[in-house]
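# Fold and geometry: a report
Each chain, letter by letter, is given below.
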Amino acid sequence: MPIWIFAGFWGLLAGSALLLGAAIGYFAPVSQRVIASIMAFGSGVLISALSLDLMNEAFRQGGFDATAIGFLSGAVIFTLANWLLTRWGAHHRKRSGTQQPTEAQTSGSGMALAIGALIDGIPESIVIGISMIAGTGVSLVAVAAIFLSNLPEGLSSAAGMKKAKRSAGYIFGVWGSIALISGVASIAGYTIFDHFNANVIAGITALAAGAILAMVADTMIPEAFEEAHNFTGLITVLGFLTAFVLTKFA
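On a predicted model such as this, the values are computed, not experimentally measured, just so you know. (Residues numbered from 1 in each chain as written. Predicted model: local features only at pLDDT ≥ 70, side-chain atom pairs only at ≥ 80, totals over all residues. Heavy atoms only, no water.)

### A few points about the overall build of the chain
- Looking only at helices and strands, the chain has seven helices and zero strands in total.
- Listing each helix as α and each strand as β along the chain from the N terminus yields α-α-α-α-α-α-α.
- Counting across all 250 residues of the chain, residues that qualify as buried make up 48%.
- Taking the contacts inside the chain whose residues are at least 6 apart along the sequence as the reference set, 85% of them involve residues at least 24 apart.
- Of the roughly 11,000 Å² of accessible surface on the chain, a fraction of 72% belongs to carbon and sulfur atoms. (Helix = DSSP H or I, 4+ residues; strand = E, 2+ residues; numbered from the N terminus. Buried < 20%, exposed > 50% of the residue type's maximum accessible area, 1.4 Å probe, protein only. Contact = heavy atoms within 4.5 Å. Areas by Shrake-Rupley, 256 points an atom, 1.4 Å probe, with all protein chains shown as cover.)

Here you go:
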């Protein structure tokens, strides 16, 4: 079976956590404090994965220059995109409370929320595909970390969308689409960059890591701190430790 099919499978699997989280956030009476705690845990998982797995791999393949340039570029690209989406009403897309605007309050915010969810998920999925280029199989650490972080993302965002009076069709349409696109992005990560040299692959890996870290700081940690307060740091450390263990035993 072609490797790109496996790349798509792993990307889809990691992305499916968004849909699972959305279902929990929409149907289950989960308190905002619990959601915030799960979000803090997911933040720690992602920070650990990008620092111990993605950045190390980028440095190994392309050295400091490619890694640093890619990392900063990813953060700049995400920040600019997030700034634009903020102006259209998507700044609080991962908030579980009443921060998200309704369509009546901010026209076009529904589309902005969907686009915001898309740009949050694509870098993670591309990394999964790129990890398979070496021919040694997928990075299970990356898949597990992305799955564990996608679950609270979908949960928190869906809870907030429901409070903003978004329909169930809209909510599950968004997250179902993002899950499918995650699979496509993973395929793209493998097929597009398969023939590029190590410096380019390193730069793209670091770019994704920079975008992920900027996303965590801009959209996940604020939601975590809003409710978890003094426990945010501890829970984030537990998430980091979980991903660290995965890097040693996966």
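### Section: the packing of helix H2 (residues 32-87) against helix H4 (residues 140-163)
- The geometry of H2 relative to H4 is characterised by a closest axis approach of 9 Å and an angle of 150° between their N-to-C directions. One finds that H2 runs roughly antiparallel with respect to H4. Once H2 is placed against H4, the crossing between them reads as left-handed. Residues Gln32, Ile35, Ile38, Met39, Gly42, Val45, Leu46, Ala49 and Asp53 of H2 form the contact with H4, whose own contacting residues are Val141, Ala142, Ala145, Leu148, Ser149, Pro152, Glu153, Leu155, Ser156, Ala159 and Lys163.
- In the contact of H2 with H4, the residues fall into 13 nonpolar, four polar and three charged. (Axes fitted to C-alpha atoms, helices over the stretch in contact; angles between N-to-C directions. Parallel < 35°, antiparallel > 145°, perpendicular 65-115°, else oblique. Left-handed = near helix turned anticlockwise from the far one by under 90°. Nonpolar A, V, L, I, M, F, W, Y, C, P; charged D, E, K, R; others polar.)

### Side note on the pattern of salt bridges
- The tally for this structure, following the rule as stated, stands at one salt bridge.
- Where arginine 60 meets glutamate 57, a salt bridge forms, and the shortest distance between an N and an O atom there is 2.5 Å. On the criterion of helical spacing, the pair formed by arginine 60 and glutamate 57 is a turn pair, its members being three residues apart in helix H2.
- Exposure remark for glutamate 57: the relative accessible area of 29% places this residue in the partly exposed category. (Salt bridge = Lys/Arg side-chain N within 4 Å of Asp/Glu carboxyl O.)

### With respect to the UniProt feature "transmembrane region" (unreviewed entry) in the chain
- Mapped onto the present numbering, the UniProt feature "transmembrane region" (unreviewed entry) falls at residues 7-28, 34-52, 64-85, 126-148, 169-190, 196-216 and 228-247.
- For residues 7-28, helix accounts for 95% and strand for 0%, while the C-alpha atoms at its two ends are 32 Å apart.
- The span residues 169-190 shows a helical share of 100% and a strand share of 0%, and its end C-alpha atoms are spaced 32 Å apart. (UniProt positions renumbered as here; feature names shortened; annotations may be inferred.)

### Structural notes on the nonpolar core
- Ranked by internal contacts, the top residues of the largest apolar core, which has 23 residues, are Leu46, Leu54, Ile212 and Met220.
- For this core, the secondary-structure elements that each account for two or more residues are H2 and helix H6 (198-228).
- With eleven residues, H6 is the single largest residue contributor to this core.
- Not counting residues up to four positions away in its chain, the partners in contact with isoleucine 212 are Leu46, Leu50, Leu54, Pro123 and Glu124. (Core = buried A, V, L, I, M, F, W, Y, C linked by side-chain atoms within 4.5 Å.)

### With respect to the environment of leucine 140
- For leucine 140, the position within the fold is in helix H4.
- Residues leucine 140 and leucine 246, spaced 106 residues apart in sequence, show a C-alpha to C-alpha distance of 8.3 Å.

### Overview of the packing of H2 against helix H7 (residues 232-249)
- Viewed as axis vectors pointing N to C, H2 and H7 meet at an angle of 45°, and their least axial separation amounts to 7 Å. Taken together, the axis directions place H2 and H7 in an arrangement best described as oblique. Viewed along their axes, H2 and H7 form a crossing whose handedness is right-handed. Within the contact between the two elements, H2 uses Ser37, Ala40, Phe41, Ser43, Gly44, Val45, Ile47, Ser48, Ala49, Ser51 and Leu52 and H7 uses Thr232, Ile235, Thr236, Leu238, Gly239, Phe240, Thr242, Ala243, Phe244 and Thr247.

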